[in-house]
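Residue-level listing of the chains:
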Amino acid sequence: MKQILVLITLIEFVGVNLFCWTALAGSPNSTKTGIRLDTKWKQQVYSFAEQNVRHSIWGIAHSERNYQFAVDLASHEKLSIDKDILFAAAFLHDIGAIEPFRIQGVEHATRSVQVMEPLLKSFGLSDEKISKVREAILGHMYNAELIPEGLEAVLFHDADTLDFLGSIGLVRIVGLTDRHAWAPTLPGAIETLQGWTEELPRKLITQSAKVIAKKRIAELKGVMTSLQQYTFSGAAL
Ligand SMILES: [Fe+2]
Ligand SMILES: [Fe+2]
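Residues numbered from 1 in each chain as written. Chains lettered and ligands numbered in written order. Predicted model: local features only at pLDDT ≥ 70, side-chain atom pairs only at ≥ 80, totals over all residues. Heavy atoms only, no water.

Bringing the coordination of the iron ion (ligand 1) into the picture now. In this structure, D94 (OD), H108 (NE2) and H140 (NE2) serve as the protein donors to the iron ion (ligand 1), at separations of 2.1 to 2.2 Å. The sequence motif formed by the donor residues of the iron ion (ligand 1) is D-x13-H-x31-H. A separation of 3.5 Å is found between the iron ion (ligand 1) and the iron ion (ligand 2), which share D94 as a coordinating residue. Pair noted here: D94 is in the loop between α4 (83–92) and α5 (108–122) and H140 is in the loop between α6 (127–138) and α7 (151–162), with a separation of 46 residues, a long-range link. Across the pair, exposure class does not vary: D94 and H140 are buried alike. (Donors = N, O, S within 2.8 Å, 3.2 Å for Na, K, Ca; no water. Helix = DSSP H or I, 4+ residues; strand = E, 2+ residues; numbered from the N terminus. Buried < 20%, exposed > 50% of the residue type's maximum accessible area, 1.4 Å probe, protein only.)

Once that is clear, we can look at the packing of aromatic side chains. Geometry of an aromatic ring pair is reported as the spacing of the ring centres plus the angle between the planes. Per the stated rule, a full pass over the model turns up 11 aromatic pairs. With a centroid separation of 6.2 Å and 80° between ring planes, the pair formed by W58 and W182 is classed as edge-to-face. Here W58, found in the loop between α2 (40–52) and α3 (60–76), pairs with W182, found in the loop between α8 (166–175) and α9 (186–203); they are 124 residues apart in sequence, far enough to count as distant. In terms of burial, W58 and W182 fall into one category: buried. A network of ring pairs unites the aromatic residues W41, Y46, Y67, F87 and F91 as a single cluster. When the ring centre of F87 is taken as origin, the NZ or CZ atom of K42, which lies over that ring, is 5.6 Å away. Here the basic side chain of R216 rests over the ring of F69, its NZ or CZ set 4.8 Å away from the ring centre. (Phe/Tyr/Trp six-rings, centres within 6.5 Å; stacked < 30°, edge-to-face > 60°. Lys NZ or Arg CZ within 6 Å of the ring centre and 35° of its normal.)

If you walk through the whole model with that rule in mind, you get nine salt bridges. K129 serves as the salt-bridge partner of D82, at 3.1 Å between the closest nitrogen and oxygen. With D82 in the loop between α3 and α4 and K129 in helix α6, this pair connects stretches of sequence that are 47 residues apart. Looking at K129, the relative accessible area reads 24%, which means it is partly exposed. Salt-bridge contacts for K121 lead to D127; the nearest nitrogen and oxygen are separated by 2.8 Å. (Salt bridge = Lys/Arg side-chain N within 4 Å of Asp/Glu carboxyl O.)

A separate point is the coordination of the iron ion (ligand 2). The protein atoms that coordinate the iron ion (ligand 2) are H62 (NE2), H93 (NE2), D94 (OD) and D160 (OD), at distances of 2.1 to 2.3 Å. Note that the iron ion (ligand 2) binds four donor atoms; their angles at the metal cover 82 to 170°, and the shape is irregular. One chain supplies every donor for the iron ion (ligand 2), spaced along it as H-x30-H-D-x65-D. (Tetrahedral: all angles 85-135°; square planar, octahedral: opposite > 155°, others 65-115°.)

With that settled, the discussion passes to the packing of α5 against α6. Viewed as axis vectors pointing N to C, α5 and α6 meet at an angle of 160°, and their least axial separation amounts to 10 Å. Judged by the inter-axis angle, α5 sits roughly antiparallel to α6. For α5 against α6, the interelement crossing comes out right-handed. Two secondary-structure elements touch here, α5 through A109, T110, S112, V113, M116, E117, L120 and K121 and α6 through D127, I130, V133, R134, I137 and L138. In terms of residue class, the contact of α5 with α6 is built from eight nonpolar, two polar and four charged. (Axes fitted to C-alpha atoms, helices over the stretch in contact; angles between N-to-C directions. Parallel < 35°, antiparallel > 145°, perpendicular 65-115°, else oblique. Left-handed = near helix turned anticlockwise from the far one by under 90°. Contact = heavy atoms within 4.5 Å. Nonpolar A, V, L, I, M, F, W, Y, C, P; charged D, E, K, R; others polar.)

Laid out in C-alpha cells, this is it:
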C-alpha cells in the first residue's frame, strides 16, 4: 500500500512539473502581430524589448509595425531579404531614444547601435548580421545622414518613414504634444504633420512605399480639412 502511495505521489510530482515546464516554455512563440520567435536570440531580443522598449510613440508597437511594413514592402518589391535583420532592427532601433538608455547630446540612432551591438553579440548573432542591423538602425530616420544601401536597411528606412504618415502618423504626433520639439502644442503638432506630407514622400526610396505614402497623405489631408472646419480654421485648436 505504501509503495502504491509513493508511486501516485511520484506520478503527481512529475505531472505538476511537466505542466510547470510547459507553462514556462510557453514564453510567447510569436509576438502580438504574429512574428515567429523561432530562435533563442529572437526570444531574447523580444523579451528585452518587452521590458525596455517602452514608449507610447516609439515603443514595441512601433517595432511591430516597422517589421511588418518592411516585410510587406519586400513582398511588393519582390525582394528576397533576411528577416533576421529586420527583426533585430525593428525591436532595437529606437532604444537610444528611451530612458534610461538615452544619452543627452547623442543622436538616438547612434545610441541605439551602442546598445544593440553588445546585446546581439551576447545573444550569439553573427558579426555579419550585426553589421547589417547597424546599417538599418543608422539609416532608419527619414532625415538620417547615412543613406541606406543594403536591401533590409532601405526597406526598414521606408517602413519607419511610413509610420509618420496616415492615421497612425496623426496619432503618434498628437501623442507627442507638450513633450517633443515636433509637437510643442497641438497646432504645432498638426503643423509638423503638414510639413511631413510634403517632405516625407521625397525621402522614400522604394516605389511601393511611395504608392502607400500617397494613400496615407490623402487620408491625412481629409482629416486636416475636417479639423479646419471644426476649429474655425485652426483658431480654436
Ligand atoms: Fe527613430
Ligand atoms: Fe522608429
